[in-house]
Amino acid sequence: MDKEAGCCSTHLIEGDGTFNAEGLDSFIKQVKMAECGLSYAVVAIMGPQSSGKSTLLNHLFNTNFREMDAYRGRSQTTKGIWMARCVGIEPCTIVMDLEGTDGRERGEDDTAFEKQAHFLRLLWCHDIGREQAANKPLLKTVFQVMLRLFSPRKTTLMFVIRDKTRTPLENLEPVLREDIQKIWDSVPKPEAHKQTPLSEFFNVEVVALSSFEEKEEQFKEQVASLRQRFFHSIAPNGLAGDRRGVVPASGFSFSAQQIWEVIKENKDLDLPAHKVMVATVRCEEIANEKYSLFVTDEDWCALEDAVQSRIVPGFGRKISSMLDAVYPEATYFEDGVRSAKRRQLEEKLIQLVQPTYQLMLEHLQSETLDKFKKALNDALSGGQAFSIAASDCAASYMTLFDEQCKDATIRQADWDLAKIRDKFSRDIDSHVAEVRTAKLSELNALYESKLKEALYGPVEALLEGGGDDTWPAIRKLFHHETKVALSEFSVALSDFEMDEQAKDELLSKLENYAREIVEGKTKEEAGKALYRMKERFTSLFNHDSDSMPRIWTGKEDIRTITKIARSSSLKLLSVLAANRLDVDADKIGNTLVLALVEHKKDKSTSFQDPLASSTWEEVPPTKTLITPVQCKSLWSQFQRETEYTITQAIASQEANKRNNNWLPPPWAMAALVILGFNEFMTLLRNPLWLLVIFVGYLLTKALWVQLDIAGEFRNGMLPGILSLSTKVIPTVTNLLRKLAEEGQKPATADSQRNPSNHPQVFGNFQGVTTGDTNGFSSTASSDLTMENEPEFTSPSRHSKDQ
């Protein structure tokens, strides 16, 4: 007993396997363990030789187990099993320090001692994942002992990982737990525990500690934290909380001795030979070395970088050669271990190259798919049928992809390419479907455009004509153009190898589009019905049968012209009132004539308005464009807006009549003949009066033209009289003066050549008079005005004289 430390220890089992019963009894008395009853806990530690077990126990429980002297080399310090009372921990806790496994002092095949069950285990961090170095066979033995010798109770297995590296504990712990579960699953179990889970026997915990030699302060802090977990360990949920089957402290010595005898006599608990452990450690070191060399190999790094951006020809062959060169030839080690480690290395290397291989396949998929898209587009641009082009290109590039995948296959890896090939096939099918949809859409748009061009303008022109043959012509046009378009469209669709149902749907869609064009244009024209009616009326009213503009001279029958123009407009309204694309005959025209024209002749009060309705007889509501009520309203508005045109024509006709009628009324002419008979007879008896009257007529005519009497009276009677009163005397004076001057000039000029010149002058005057009276009067009046009174000169006459 160490008096200073207050720690008491004893050698429980000697190095040769002898159980120290006396020493245990003495120990129990010294620590007064018998007085504890059931309030005590036992902790045992196991691990490889020189792994720091005693050092950990001394720091964790303040014990005084002998530790290895590092300066004297690695050697066995603990032989057999030592036990001690933990200092400062309640309840009473007994700790056992076990001899390390895999020690050279024991030899390769010695199994005399390494058969014990241990409950607290220490291992190096880099041993996790190993087989023999991590003492997995020993742990398997522990499980076997517990299943055979003890009833189910939860014993805590605490795995202490020493010399923690940068690898996070959360990454190491799952691997450790998975290994433990596999060991438990592989252990042969008694019939009673075939389905018993690991959690019924063991509570597994994992702790990681820093290196004692390199990070001593961190090690001590972590150990101090771990120590706290051993306080009150027998409490519920504590490390030793399961108290089922606990032996009273007074019988601890006898119980331990009996357990040891049972273990010693059970030969099935022998541990594997030392050479297996050595082979395991050495083969794993070689495998790790080869793995590191492969990771840093220049050829591998160059190949990996190249695959990041492009396809590498011969990828599979190159990778396979690299893997063949890297596998270790551990000839002198145990065959089973060597084969297992080779498989593990192969798996690790294959996992390493798998991302690069997957990237290579992605490049192959992308590049081959791009080539397929271009080839399909070129084939379609060259005029090849879609179904043939798609089938040929798909088959060709699927074969190319299979060849490229074969070239990229790694011989050592058994990877199935079925999913990758299926994905590439789906990508091709998806692109074919997209192109197919786009081509069908383009084809449909092309024939829709043709139909619109063939129907839109002609239907508009026919509706503008608005006659009895309008709708038969529209129906004929619709059926003909639709039939032609559907026939051509059906031929074009045969290149796509469509099923009949899909083909019929597209043809039906195109036919409906043609119908929509006609119906839409009809509806549009119906919305402009009033404008079209006014346009029709104006055209017929203001132009004759030769399409020449009418001049309202007074001879035209405005009433008849108006009736014809309005009847034609009414016919146009009946044409636009309904969509007759599917209806052959109706009574709309007759109804409109009866209600808007004939009812004016019918003066009876029993007349019933047929337009007092919102539907047409024999016409479905869906085909109605202008309801009867709307037709009546449009006709009333049409009449109001065309009345002005008619009024203007009538006014123009009356004005022309007034301007062109200078003769007196017939009755006045008859009165003149009767009352002026005597004067007429006088003129016949004395013809000289005829000459006088004729000369007076010429003078009056010249005066009429010179004064522009008709023009003066255009602005009204009173303004005309006032204007003429200021002009008549100067004009007459000038006219007479001019005549006198004209009469003197020939006499003066001819007096020297011909003394008797008067007949010549009269003859000239007479010739002018009989030849062109208007010319004479105009010339005379113009000359007079220009010489004497320029303010009364007519601009037109003045220009002519000049």
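Since this is a predicted model, take the numbers as computed values, not measurements. (Residues numbered from 1 in each chain as written. Predicted model: local features only at pLDDT ≥ 70, side-chain atom pairs only at ≥ 80, totals over all residues. Heavy atoms only, no water.)

## Remarks on the overall build of the chain
Item 1. On a plain count of helices and strands, the chain comes out with 26 helices and 7 strands.
Item 2. Expressed as a percentage of its 802 residues, the buried residues of the chain come to 39%.
Item 3. Put simply, of all contacts in the chain between residues at least 6 apart along the chain, 72% involve residues at least 24 apart.
Item 4. Accessible surface, the chain as shown: approximately 45,100 Å² in total, 53% of it carbon and sulfur. (Helix = DSSP H or I, 4+ residues; strand = E, 2+ residues; numbered from the N terminus. Buried < 20%, exposed > 50% of the residue type's maximum accessible area, 1.4 Å probe, protein only. Contact = heavy atoms within 4.5 Å. Areas by Shrake-Rupley, 256 points an atom, 1.4 Å probe, with all protein chains shown as cover.)

## Some points on helix α6 (residues 252–265)
Item 1. Taking 1.5 Å of rise per residue, 14 residues should cover 20 Å, and α6 covers 20 Å from first to last C-alpha, within 8% of that figure.
Item 2. Along α6, the residues classified as buried are Phe-252, Ser-253, Ala-256, Trp-260 and Ile-263. Relative to the axis of α6, the buried residues are bounded by an arc of 95 degrees and lie together on one face. Those residues of α6 that are exposed and aimed more than 90 degrees away from the buried face are Phe-254 and Glu-265. (Expected span 1.5 Å × (residues − 1). Arc of directions from axis to C-beta.)

## Side note on the side chain of Arg-85
Item 1. Here Arg-85 is to be found in strand β3 (residues 81–85).
Item 2. Judged by relative accessible area, Arg-85 falls into the buried class, the value being 18%.
Item 3. In terms of polar contacts, Arg-85 uses its side chain to reach the backbone carbonyl oxygen of Val-31, at 3.4 Å. (Polar contact = N/O pair within 3.5 Å; in protein donor to acceptor, adjacent residues only side chain to side chain.)

## Let's talk about the packing of helix α16 (residues 558–576) against helix α17 (residues 588–596)
Item 1. Remark: α16 packs on α17, axes separated minimally by 9 Å, with the N-to-C direction vectors making an angle of 135 degrees. By the angle between their axes, α16 is oblique relative to α17. The interaxial crossing formed by α16 with α17 has right-handed handedness. For the pair α16 and α17, contact is made by Leu-570, Leu-573 and Ser-574 and by Ile-588, Gly-589, Leu-592, Val-593 and Leu-596, respectively. (Axes fitted to C-alpha atoms, helices over the stretch in contact; angles between N-to-C directions. Parallel < 35°, antiparallel > 145°, perpendicular 65-115°, else oblique. Left-handed = near helix turned anticlockwise from the far one by under 90°.)

## Comments concerning the pairing of strand β6 (residues 155–162)
Item 1. Counting buried residues in β6 gives 8 out of 8 residues, a clear majority hidden from the surface.
Item 2. Residue alternation in β6 divides its side chains into two sets, Thr-155, Leu-157, Phe-159 and Ile-161 and Thr-156, Met-158, Val-160 and Arg-162, and both sets are buried.
Item 3. Alignment of β6 against strand β7 (residues 202–208), held across 7 bridges, turns out to be parallel. Each bridged residue has a counterpart across the sheet, and for Leu-157 the counterpart in β7 is Val-204.
Item 4. Running through helix α4 (residues 169–186), the crossover from β6 to the neighbouring parallel element β7 is right-handed. (Pairing = 2+ DSSP bridges. Right-handed = clockwise from strand over helix to strand, strands pointing away.)

## A look at the environment of Phe-143
Item 1. Among the secondary structure elements, Phe-143 is positioned in helix α3 (residues 136–149).
Item 2. The exposure class of Phe-143 is buried, given its relative accessible area of 0%.
Item 3. For the pair Phe-143 and Val-187, spaced 44 residues apart in sequence, the C-alpha separation works out to 7.2 Å.
Item 4. Once residues lying within four places of it in the same chain are set aside, the contact partners of Phe-143 are Leu-157, Ile-180, Ile-183, Trp-184, Val-187, Leu-198 and Phe-202.

## Considerations on the nonpolar core
Item 1. With 101 residues, the main nonpolar core has Phe-315, Ile-319, Phe-372, Phe-541, Leu-573, Leu-592 and Ile-626 as its most contacted residues.
Item 2. By residue number, the principal contributor to this core is helix α10 (residues 335–381), which donates 15 residues.
Item 3. If we skip the residues at most four places from it in the chain, Phe-541 touches Arg-550, Trp-552, Ile-558, Ile-561, Thr-562, Ala-565, Thr-645, Ile-646 and Ala-649. (Core = buried A, V, L, I, M, F, W, Y, C linked by side-chain atoms within 4.5 Å.)

## Side note on the confidence of the model for the chain
Item 1. Mean pLDDT over the chain works out to 77, with 79% of the residues at or above the 70 mark.
Item 2. Ignoring residues within four places in sequence, the model shows residues 748–802, a span with pLDDT below 50, making 57 contacts including any to other chains. (pLDDT = per-residue confidence, 0-100.)

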